[in-house]
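These are the residues of each chain, in order.
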Number of protein chains: 2
Amino acid sequence: MAVTIKDVAKKANVSISTVSRVINDSKPVSDEIKHRVLKVIEETGYIPNPVARSLVMKKSQLIGVIVPNISNIFIGEVLNGIEEIGKMYNYDILLCNTYGELNQELRYLNLLKSKQVEGIIFMTWELQNEHKEFFAKEDIPIVMINRNASDANITSVSIDHRKAAYEMTKYLIKNGHRRIALIRGNMQNYIFGIDQYEGYSKAMKESNLEIDKRLIKNCEFKLDLAYNAVQEMINDETLSTAIFATTDYMAFGAINALIDNGYKVPEDVSVAGFNDIKLASIYRPKLTTIRQPIYDIGAVAIRVIIKKIKGEEIKDNVFVLPHELVERDSCKKIK
Amino acid sequence: MAVTIKDVAKKANVSISTVSRVINDSKPVSDEIKHRVLKVIEETGYIPNPVARSLVMKKSQLIGVIVPNISNIFIGEVLNGIEEIGKMYNYDILLCNTYGELNQELRYLNLLKSKQVEGIIFMTWELQNEHKEFFAKEDIPIVMINRNASDANITSVSIDHRKAAYEMTKYLIKNGHRRIALIRGNMQNYIFGIDQYEGYSKAMKESNLEIDKRLIKNCEFKLDLAYNAVQEMINDETLSTAIFATTDYMAFGAINALIDNGYKVPEDVSVAGFNDIKLASIYRPKLTTIRQPIYDIGAVAIRVIIKKIKGEEIKDNVFVLPHELVERDSCKKIK
DNA sequence: TTGTACGCGTTATCAC
DNA sequence: GTGATAACGCGTACAA
């Protein structure tokens, strides 16, 4: 059995309150006794039981993280940021994977609360009313990643997807492209897809370019759906000179379809991605894409959570991190 | 304040023990009272406080998972398996990222124990004596992933790396290659690298092929080091006709170096990988590689942990999962 | 079958 | 400065 505060107290000939005081520095203790206690702790290898501590403090040094897919590279990188900063502040991560299923998410939201986590970092593909209800009801610190959720009055951290999509579309137009396909996630409630679509269409309209509905493809972030979408355009003979995929992964799917049909990238078709996952510079041709500060997104999220836990007032409800258009080899200027 | 067992008891006009009994099914309770209690629980939305429960039961429904790098795709996929099966048994995951640093690992090992986790799944790049000491000292259920650790008397799940490397080398030899470079991780304590090297050299020796030390490169799993290693071989003019990388990632690094130097894969040089991460079939040329049942590795690991928790005897200390050589487009037969 | 009372390991509020 | 002691929310012998 592990050694408890009681054992230490007995061995040091003091009361448990005194021991508690020295380990928490909560009240003055005479130097002599302090040293004696410290020594006993040293000898016995005593570690305070965090569970008992949680029970009385109603704190746990735990932060719940809910994600739709752990094995997603983007999310892994976000997790890295969360974990690393959390560790600095002595917080541990309770990880929950939901595959984006609503009831799983709701279940975890409640479960985490009952586990006394001090805050929740929440990622989902689609923000729904049930989520918002939970957020409104509970007063536990929550931050969302990858979506401006100010409408639901919950704080969030992400880049400006609208602006980023706008810039990329603009870039393609500047390079002479007039028919630009957009390969994206779901239409509906999809968490940042709407912003991206707005950015895309704004750029198109500004240049008086027609938005061809046949070139807007919903591919649910899936590489093979992106592959099929391009295949479809080839079959339909609607293939454009440029393809903008809102995920690097989907961009790879697009490129593969092109290659497998004998097209060359970027000679015949330009393809742009979004995110700049590590793979983007590994793949050949190297992908022109929007770089998100993925690690930082996680890092900022947990910093905000910790601030909230400490009761510090957060002025902004929306943390917008900078992005960057990274020009590489998958896009080409045409006349 | 959340509703407690006491509130429920009062509202249902019974003692807390009775409430406890109905929620745990621990002792018979008359149907009438049972229903009454259940109804109150329903109405109040009572959820037992897991922290208090942990304190008295010395259990937590928590399983600690220590990994060297969350954003590694392979590990993400393993995590998927762990999470999904864990969820089935009502276990949550306490995630710890160590970057493979020994003191971080040791710290977490102790921390997790004090957090009352019921079992630990441990991944590391190198198994060291300090780890073994911990395992020997503590009686908490532990399983290691990706290494046959039977020497340390701890149970593990992985594929047979030795055999897999042997088969791949054999395959390359069968395809006419006689000089085969091996791009691998560290030499020393490296967790499965030794096995892989043995497989490689066994195959080479069986065919009376010389092992050219200049073709054995230690690249620490890093894509760019693999890139450099191949660049080196090109500069040294020691380039072989085949390259076997013990990680798909390193294989990509190798291929990129080849491409960037004007070589064609597989026409000029064959390249084989290891793991079959999703990317392997996305990349062009599609990678010939060893498929590991990554998800299953995680799933089996947590299943074993849960069995151990339940006190069931584990007959084998080593769980070897099947692998498979996947032939794709990155290797070619030469005369 | 049901209720009482104690213990799990801490922190915090009192007295001293 | 120090030590009892009551919480925290729950499970469980023990009694009834």
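Residues numbered from 1 in each chain as written. Chains lettered and ligands numbered in written order. Predicted model: local features only at pLDDT ≥ 70, side-chain atom pairs only at ≥ 80, totals over all residues. Heavy atoms only, no water.

J.: Would you take a moment to explain the protein's contact with DNA strand D for this structure?
T.: In the vicinity of DNA strand D there are 28 residues, among which Thr18(A), Arg21(A), Ile33(A), Ile5(B) and Tyr46(B) approach most closely. Considering the 4 Å shell around the protein, atoms of DNA strand D inside it are sugar or phosphate in 65% of instances. The separation between a phosphate oxygen of DNA strand D and a polar side-chain atom of Ser20(B) is 3.1 Å. Of all the elements in the fold, those that place two or more residues in the surface near DNA strand D are α2 (16-24) and α4 (50-57) of chain A together with α2 (16-24) and α4 (50-57) of chain B. When residues in the surface near DNA strand D are grouped by element, the largest group, six residues, is from α2(B). Along the lines of polarity and charge, the residues of the surface near DNA strand D split into 15 nonpolar, nine polar and four charged. (Near = heavy atom within 4 Å. Polar contact = N/O pair within 3.5 Å; in protein donor to acceptor, adjacent residues only side chain to side chain. Helix = DSSP H or I, 4+ residues; strand = E, 2+ residues; numbered from the N terminus. Nonpolar A, V, L, I, M, F, W, Y, C, P; charged D, E, K, R; others polar.)

J.: Can you walk me through the sheet that holds strand β9 (residues 270-272) of chain B in this structure?
T.: Residues and elements named next belong to chain B. Taken in spatial order, the four strands make up an open sheet running β7-β6-β8-β9, and their pairing is parallel. What marks the edges here is a single partner per strand, and that holds for β7 (216-218) and β9. Between one strand axis and the next, the sheet turns through 15° on average, direction left out of account. With three bridges joining them, strand β6 (residues 180-184) and β7 adopt parallel strand pairing. Pairing of Arg-184 across the sheet is with Asn-218, part of β7. Along the sheet, helix α8 (residues 161-174) makes contact with β6, β8 (242-245) and β9, crossing β8 at roughly 170°. (Pairing = 2+ DSSP bridges. Axes fitted to C-alpha atoms, helices over the stretch in contact; angles between N-to-C directions. Contact = heavy atoms within 4.5 Å.)

J.: Help me understand the interface of chain B and chain A, please; the structure alone is not making it clear to me.
T.: Frequently, the measure chosen for interface size is the accessible area that the parts lose on association. In this assembly, 49 residues from chain B lie in contact with 49 residues from chain A. Both faces combined, the contact of chain B with chain A buries some 4400 Å², and carbon together with sulfur accounts for 57% of it. Counting across the interface, chain B meets chain A through four salt bridges. Here Asp260(B) ties to Arg284(A) by a salt bridge, and the two come within 2.7 Å at their closest N and O atoms. On inspection of chain B and its partner chain A, the count reaches 22 residue pairs in polar contact (both at pLDDT 80 or more). Of all elements in the fold, only α4, α5 (73-88), β2 (92-97), α6 (102-114), α11 (248-260) and α12 (279-282) of chain B reach the threshold of two or more residues within the side of chain B that touches chain A. Alignment of strand β2 (residues 92-97) of chain A against β2(B), held across three bridges, turns out to be antiparallel. By the bridge assignment, Leu95(A) is partnered in β2(B) with Ile93(B). (Buried area = accessible area lost by both parts, 1.4 Å probe. Salt bridge = Lys/Arg side-chain N within 4 Å of Asp/Glu carboxyl O.)

J.: Could you clarify how one ought to interpret the protein's contact with DNA strand C in this entry?
T.: The environment of DNA strand C is formed by 30 residues, the closest being Ile5(A), Ser17(B), Arg21(B), Ser30(B) and Ile33(B). The side chain of Ser17(B) places a nitrogen or oxygen atom 3.1 Å from a base oxygen of DNA strand C. Elements with a contribution of two residues or more to the surface near DNA strand C: α1 (5-12), α2 and α4 of chain A together with α2 and α4 of chain B. Among the residues forming the surface near DNA strand C, the class breakdown is 16 nonpolar, nine polar and five charged.

J.: Whenever I open this one, the relation of the copies chain B and chain A confuses me. Can you help?
T.: The operation relating the two chain copies consists of a rotation about an axis and a shift along that axis. After a rotation of 180° and a shift along the axis of 0.0 Å, chain B superposes on chain A with an RMSD of 0.1 Å. Put plainly, the chains are arranged around a two-fold axis. Considering only C-alpha atoms, the part of chain B nearest the rotation axis is Leu94(B), at 2.3 Å. (Least-squares fit on C-alpha atoms with pLDDT ≥ 70 in both.)

J.: Quick question: what am I supposed to make of the packing of α4(A) against α4(B) here?
T.: Packed helices, taken two at a time, are described by the angle their axes make and the gap between the axes. For the pair α4(A) and α4(B), the least separation of the axes is 9 Å and the interaxial angle reads 140°. The pairing of α4(A) with α4(B) is recorded here as oblique in orientation. You can see that α4(A) and α4(B) cross each other, and the crossing is left-handed. Each of Val51(A), Ala52(A), Ser54(A) and Leu55(A) in α4(A) lies in contact with α4(B), whose residues at this interface are Val51(B), Ala52(B), Ser54(B) and Leu55(B). (Parallel < 35°, antiparallel > 145°, perpendicular 65-115°, else oblique. Left-handed = near helix turned anticlockwise from the far one by under 90°.)

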